[in-house]
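# Examination of the molecular architecture
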Amino acid sequence: MMEGSSMVKIRSNSRQYHRYFRLLEDLSAIRWTPTSKKSSKAQLLIEQIKEIRTGRNCESLRHKEMPINYNEERIFSILYGDSYDSIDLISQSPEEANIWVTGLNALIGASKSPDAVENNQTLRDTWLKEIFEKATRDATGCIDQTTCIRLIKTLDDKVATVRVKQKLQEFDLTKTDCSRGRIGSQEFVEMFKEIATRPEIYFLMIRYANKDYLTQEDLHLFLEGEQGMSGLDREALKKIIDKYEPAPEARKSGRMLIDGFTKYLLSEDCDAFDPTHRMVCQDMTQPLTHYFISTSHNTYLLEDQLKGPSSVDGYIRVLACGCRCVKVDVWDGPEEPVVFHGNTLTSKVAFSEVVDVIGSYAFDFSVFPVIVHIETHCTVKQQKQMAKILKRVLGTALYVHPKNATSPITAMSPHDLRYKIILKGKRLPDPAAPEGDVTEEDEGGEVQDPSRNRRTLCKELASLFSIGRTRYRDLNPTKLSMSRDEMWSVSESTAGKLSHTSAEELVNHNKDYLTRVYPNPSRVDSSNYNPQDFWNAGCQMAALNFQTPGQMMDVYEGRFRANGACGYVLKPAVMREHISFFSANSRETIPGVAPQLLKIKIISGQNLPKPSGSTATKASFIDPYVVVQVFGIPADCAETKTRTVSNDSSSPIFDEFFEFNINLPELALVRFVVLDDDYIGDDFIGQYAIPLECLQTGYRHIRLLSSMGDPLDNSTLFVHICISNKKGGGPKQGRSRARKSTSSSVDLRPIGLKTADDMFREAEATLMEAEHSEQSVEGAWADLQDECGLENTANMKQCLRVTVSRFLASPGVKSLAIVEDNGVPFVRSSYPGPLPSHLHKLETCFEKVMLEFQYFFHNMDKFKSALEAHLEPTFVLYDKLEGQLHSHGIKGKKANRAIENYACNVRVIRGQLDRLVSMDKKCKVAMEQVQSTKMMLESLSLKERSPMTKERPRLNLSSRHHTAENLSVYGGPGPSPTSPGGSSSDPKPKSILKKSNSNIESGSAPADTV
């Protein structure tokens, strides 16, 4: 910053000027050149700065058109003076903008307590020196390199040993021969800081707290404002600090230093995967047909389909992964049936061993039913042996659906069938006959003439099959000759054609019937298709070759990580509801489903290994980049990637931001892949796939997995995730649309039947009123976000942080409180007389949001009851709809269109109900954040006025410690950000701080009071 940066300065008339900005050496002001003004006027004092805003979140920038190459990561604004005027700047890169934003925030925060800055004996230094002294064994006060490595690994087990050794070598280069190999106390402190301090986390701390440690208030704000947590009290905050902060003095004073903050962000508490989904959390009482079921193809094979080995290990492996449907191909053996891939060179395994393993391991990982798909190629004699083995080994776990049952087995739920094993296979045409002829069960036989390939099946075995396997014939319900306890088993080619030509019909079919899709027989290498294509069509069982790693298996494992990895995942509501219409191929908004905006910032990577498949000649350095893929319905699928970071595997900084529009969130899945751009033989480094519904918002670490799904030691991606309408996020609509929209988006389609049209017309008024109330809340919230200068994903805690900070920065405000008037909270200050314009606008926006909340809460139950009342008659009429349309002369395509419109209208009403429930939850979380802020303000007897109004000593260079602890830039593959006296030839800035110390004493006041 002191060396300066060339940036674009935007004037109010939208003109752009290239100016050179630099920080004065005494850290008192920033100055720019060239300028037509006097040099004394072309500067801004640090003490005049009120806020730093990133992106286009200033009123002066919000409605301006920017060139396409000016992404928001490069834009920031400096607000100064009592009237909050702004200097709007565009930097040359996001990294440069990050340096200025973080540096200015650090200066603002430090200037609030200048005396504390002068004390360089920090809590962190004290803690590290105490640790070092305990490890010192001799009178020299030094330790050897082995002890140093062990000590650093003890303090931070995430640090790679190779990085510590490299740093020791760097330190040795500056020493004489006699002192090499020995580390002193100060050297150890500096080395640990260099290795363990992550600049991006240090930046986050500075930008959030305006200082390099977190008080309980700062942590509370971060957890509620960024991480989407709620209901935190001081005891909970203290527990978090006590758990993660390693420095005893910091714990005692209720503070979290950079090491504790880093440890916390790397913990499972900040994992990207929602802990709710680490256990079964979905409704498990719905019919089997309403779930996606984890399914394995030719489970016994460990390699390819032609000559690879067959083993029971295949069953053990997939059952341990939560797989709930396995396949067994049974053929005649010398004495007993055997399992192998028929007509190939694959090895054989005894059928009895396979059944024994299934019975032993079926419920070790999941209690929900296991479906065993048995493909029988045996003679009647060995079929009878199979029946005896199944009964003897499986015993009471074997479930045989009663013949006189009133409902089919597919209408039963996973909960009903816990700890049960269900057999699926061919059944006799006449169940009473002792045996009968059935078509041969060859999963490549769809194109064959079934009359030419038949086999005799005995009753003893067929009677054990609760689910019958049948051949695909037709999707037309009038021509469908199958019972609900039968299922199709179709190849990926057949299923693919159906999903393209009859998408709606296939989804409707799969509401009541099970469908299994298996890989084409041509996949002899055991490769896999994309299962997402068939989940989009509602197919429950997309069978994959679990033994083959790769992208498709990553997606599969990602999908079934949800719901406790129990092997059953509930399908989206539009695929389950009796009255619904859904086509994955449609590019239009799905009726009744609120689209979401997914924002992902890839910040950095940690401890990335060299690709396992790369050749021995590959250098130890890698050039990583990150690919982000979204899987879902075709309209949601997307792929993008970050830039490549050269020669950095330990801590590459990507700092890139991506947005994805998601039309069907329940079916969307995100895959993160790290690749090497300079690879030899293999470019794959690590991956992680996660359903959108399992993503936690905020700053998170993603724990990378190998191609086989095994965790990579300490390999992570540090990301920021924001999802609209989710905990920690904001409204789904953009500001301008949410604020200015006055027309209704209720789109009820005509049916052509007076009874139905009148029924929906009656519901339209309630729909419009409910939607208007929802939009009013979103519009008021968007106005508050605008006035606070925040993104449209900011939550109430973030808005309150800005609100409280601005009020306390005003010279006339000595105290601030949140008071309630008729149950509605308002911000009230001690300001004498009318509020200044910027505070009045803020107060008005907050009051408007609170009043809209009150109106919404007051009418929520009324809206909900009215919409539910409108829904009831639609269910009754739907069952008679086809007949009534026919009686009114509406037939053929017109009738199909009328039924489709009817289903869409019902989905619109249901969707509005869902959005009301979602908005209710969101508003209640916001009110919790208001109450927590109110309590925090009340807990402080007197709020300290902002230092902006006081006479403060001007910071000078001496108070910043002239060299090593000065603000500076660094970069490149040379010395690390905190190298002692190190500098880099790489001009690309990555940081502003050479040392990341907690250099503010324990008596300093927090930057914010929220």
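See the structure printed just above.
Now for a look at the structure at hand. All of these numbers come straight from a predicted model, not from anything done at the bench. (Residues numbered from 1 in each chain as written. Predicted model: local features only at pLDDT ≥ 70, side-chain atom pairs only at ≥ 80, totals over all residues. Heavy atoms only, no water.)

This paragraph deals with the overall build of the protein. Assigned secondary structure in the protein consists of 25 helices and 34 strands. The burial tally for the protein puts 59% of its 1010 residues in the buried class. Partitioning the intrachain contacts of the protein with sequence separation of at least 6 by distance along the chain shows that 70% fall at a separation of at least 24. Carbon and sulfur atoms make up 50% of the accessible area of the protein, which amounts to about 41,600 Å² in all. (Helix = DSSP H or I, 4+ residues; strand = E, 2+ residues; numbered from the N terminus. Buried < 20%, exposed > 50% of the residue type's maximum accessible area, 1.4 Å probe, protein only. Contact = heavy atoms within 4.5 Å. Areas by Shrake-Rupley, 256 points an atom, 1.4 Å probe, with all protein chains shown as cover.)

The next subject is the sheet that holds strand β3 (residues 29-33). Strand order in the open sheet formed by 7 strands is β4-β3-β2-β1-β7-β6-β5, with antiparallel pairing between adjacent strands. Each end of this open sheet is capped by a strand with a single partner; those strands are β4 (43-45) and β5 (49-54). For this sheet, the mean angle separating the axes of adjacent strands, direction not counted, is 30 degrees. Summarising the sheet, strand β6 (residues 75-80) and strand β7 (residues 85-90) pair through 6 bridges and their orientation is antiparallel. Its bridge partner being in β7, Ile-75 is matched across the sheet by Ile-90. (Pairing = 2+ DSSP bridges. Axes fitted to C-alpha atoms, helices over the stretch in contact; angles between N-to-C directions.)

This part covers unusual backbone geometry. Although it is not a glycine, Asn-563 adopts a positive phi angle of roughly 60 degrees. Mapped onto the secondary structure, Asn-563 falls in the loop between α20 (551-559) and β24 (568-570). For Asn-563, a relative accessible area of 0% gives the class buried. In the Ramachandran plot, Asp-655 falls in the positive-phi region, its phi being about 50 degrees despite a non-glycine side chain. Relative to the assigned elements, Asp-655 resides in strand β28 (residues 653-662). On the basis of relative accessibility, which here comes to 9%, the residue Asp-655 falls in the buried class.

Bringing the state of the cysteines into the picture now. If you walk through the whole model with that rule in mind, you get 0 disulfides. Unpaired in this structure, Cys-566 has its nearest cysteine sulfur neighbour in Cys-281, at a distance of 8.6 Å. For the unlinked cysteine Cys-788, the closest cysteine sulfur is that of Cys-799, found at 4.4 Å. Using a relative accessible area of 1% as the deciding quantity, one classes Cys-788 as buried. (Disulfide = S-S within 2.5 Å.)

Before going further, it helps to examine the packing of helix α9 (residues 216-225) against helix α23 (residues 796-809). At a minimum axis separation of 8 Å, α9 and α23 run at an interaxial angle of 140 degrees. It follows that α9 is oblique to α23 by the angle criterion. Each of His-220, Leu-221, Glu-224 and Gly-225 in α9 lies in contact with α23, whose residues at this interface are Lys-797, Gln-798 and Arg-801. By residue class, the composition of the contact of α9 with α23 is 1 nonpolar, 3 polar and 3 charged. (Parallel < 35°, antiparallel > 145°, perpendicular 65-115°, else oblique. Nonpolar A, V, L, I, M, F, W, Y, C, P; charged D, E, K, R; others polar.)

Before going further, it helps to examine the environment of Val-355. With respect to the element layout, Val-355 can be found in helix α14 (residues 351-361). Taking the relative accessible area as the measure of exposure, Val-355 reaches 4% and is therefore buried. Sequence separation of Val-355 and Val-393 is 38 residues, and the distance between their C-alpha atoms is 6.9 Å. Setting aside its immediate chain neighbours within four residues, Val-355 contacts Ile-389, Leu-390, Val-393 and Leu-394.

What follows is about the pairing of strand β27 (residues 638-641). As defined by bridge partners, strand β26 (residues 624-631) adjoins β27 across 4 bridges and the pair is classed as antiparallel. Pairing of Gln-629 across the sheet is with Glu-639, part of β27. Counted along the chain from β26 to the antiparallel partner β27, the turn is 6 residues long.

The next point concerns the packing of aromatic side chains. As enumerated under the stated definition, the model contains 22 aromatic pairs in all. Aromatic pair Phe-132 and Phe-188: ring centres 5.5 Å apart, planes at 35 degrees, arrangement tilted. Linking Phe-132 in helix α4 (residues 123-135) with Phe-188 in helix α7 (residues 185-196), this pair joins segments that are 56 residues apart in sequence. Ring centres of Tyr-244 and Tyr-264 lie 5.3 Å apart, and the angle between their planes is 65 degrees; this geometry places the pair in the edge-to-face category. With a gap of 20 residues between them, Tyr-244 in helix α10 (residues 234-244) and Tyr-264 in helix α12 (residues 258-266) connect regions that are remote in the sequence. Through a chain of ring-to-ring contacts, three or more aromatic side chains come together here, namely Phe-292, Trp-535, Phe-546, Tyr-556 and Phe-560. The ring of Phe-718 has Arg-198 lying over it, and the distance from NZ or CZ to the ring centre is 5.2 Å. Stacked on the ring of Trp-781, the Lys or Arg Lys-922 has its end atom at 4.5 Å from the ring centre. (Phe/Tyr/Trp six-rings, centres within 6.5 Å; stacked < 30°, edge-to-face > 60°. Lys NZ or Arg CZ within 6 Å of the ring centre and 35° of its normal.)

Bringing the side chain of Arg-198 into the picture now. Examined against the element boundaries, Arg-198 turns out to sit in the loop between α7 and α8 (199-209). Overall, the relative accessible area of 10% leaves Arg-198 in the buried class. A distance of 3.0 Å separates the side chain of Arg-198 from the side chain of His-701, its partner in a polar contact. Among all residues touching Arg-198, those that are not within four sequence positions of it are Thr-262, Leu-266, Ser-604, Gln-606, His-701 and Phe-718. (Polar contact = N/O pair within 3.5 Å; in protein donor to acceptor, adjacent residues only side chain to side chain.)

A word on helix α17 (residues 492-501). Of all the residues in α17, the buried ones are Glu-492, Thr-494, Ala-495, Gly-496, Leu-498 and Ser-499. In this structure, the buried residues of α17 make contact with β21 (486-491), α18 (503-509), β22 (514-518) and α19 (532-535).

Where side chains of opposite charge bring their charged atoms close, a pairing between them can arise. According to the stated counting rule, one finds 39 salt bridges in the structure shown. Salt-bridge contacts for Arg-806 lead to Glu-51; the nearest nitrogen and oxygen are separated by 2.5 Å. With Arg-806 in helix α23 and Glu-51 in strand β5, this residue pair connects regions lying 755 residues apart in the sequence. Each of the two residues, Arg-806 as well as Glu-51, counts as buried. Connected through salt bridges with shared partners, the residues Glu-577, Arg-907, Arg-910 and Asp-914 form a single ionic network. (Salt bridge = Lys/Arg side-chain N within 4 Å of Asp/Glu carboxyl O.)

This part takes up the nonpolar core. Core analysis: the biggest nonpolar cluster contains 111 residues, and Ile-421 and Leu-598 have the highest contact counts within it. Filtering out sequence-adjacent residues up to four positions away, Ile-421 remains in contact with Ile-358, Gly-359, Ala-362, Phe-363, Val-370, Val-372, Leu-394, Ala-397, Leu-398 and Tyr-399. Core analysis: the second largest hydrophobic core is formed by 64 residues, Ala-756, Met-796, Leu-808 and Phe-826 among them. (Core = buried A, V, L, I, M, F, W, Y, C linked by side-chain atoms within 4.5 Å.)

For the rest of this paragraph, the subject is the side chain of Asn-905. Checked against the element boundaries, Asn-905 lands in helix α25 (residues 892-939). Judged by relative accessible area, which is 0%, Asn-905 ranks as buried. In this structure, Asn-905 is in contact with Asp-747, Leu-748, Arg-749, Ile-751 and Phe-760, ignoring residues within four places of it in sequence.

Before going further, it helps to spend a moment on the packing of α4 against helix α5 (residues 145-155). Running from N to C, α4 and α5 cross one another at 135 degrees; their axes reach a closest spacing of 11 Å. On the basis of their axis angle, the class for α4 and α5 is oblique. As α4 packs across α5, the resulting crossing turns out to be right-handed. Contacts between α4 and α5 involve Trp-127, Leu-128, Ile-131, Phe-132 and Ala-135 from the former and Thr-147, Leu-151 and Leu-155 from the latter. Across the contact of α4 with α5, the residue classes break down as 7 nonpolar, 1 polar and no charged. (Left-handed = near helix turned anticlockwise from the far one by under 90°.)

So, on to the pairing of strand β15 (residues 370-376). Regular strands show a simple pattern: their side chains alternate between the two faces of the sheet. Most of β15 is tucked away: 7 of the 7 residues are buried. Side chains Val-370, Val-372, Ile-374 and Thr-376 of β15 all project onto a buried face; the interleaved residues Ile-371, His-373 and Glu-375 project onto the opposite face, where all are buried too. Pairing of strand β12 (residues 325-331) with β15 involves 6 bridges; the strand directions are parallel. Within β15, the position partnered with Cys-325 by the bridge is Ile-371.

Among the 9 residues that make up α12, 8 are buried, leaving the element largely enclosed by the rest of the structure. Taken as a whole, α12 has its buried residues at Ile-258, Asp-259, Gly-260, Phe-261, Thr-262, Tyr-264, Leu-265 and Leu-266.

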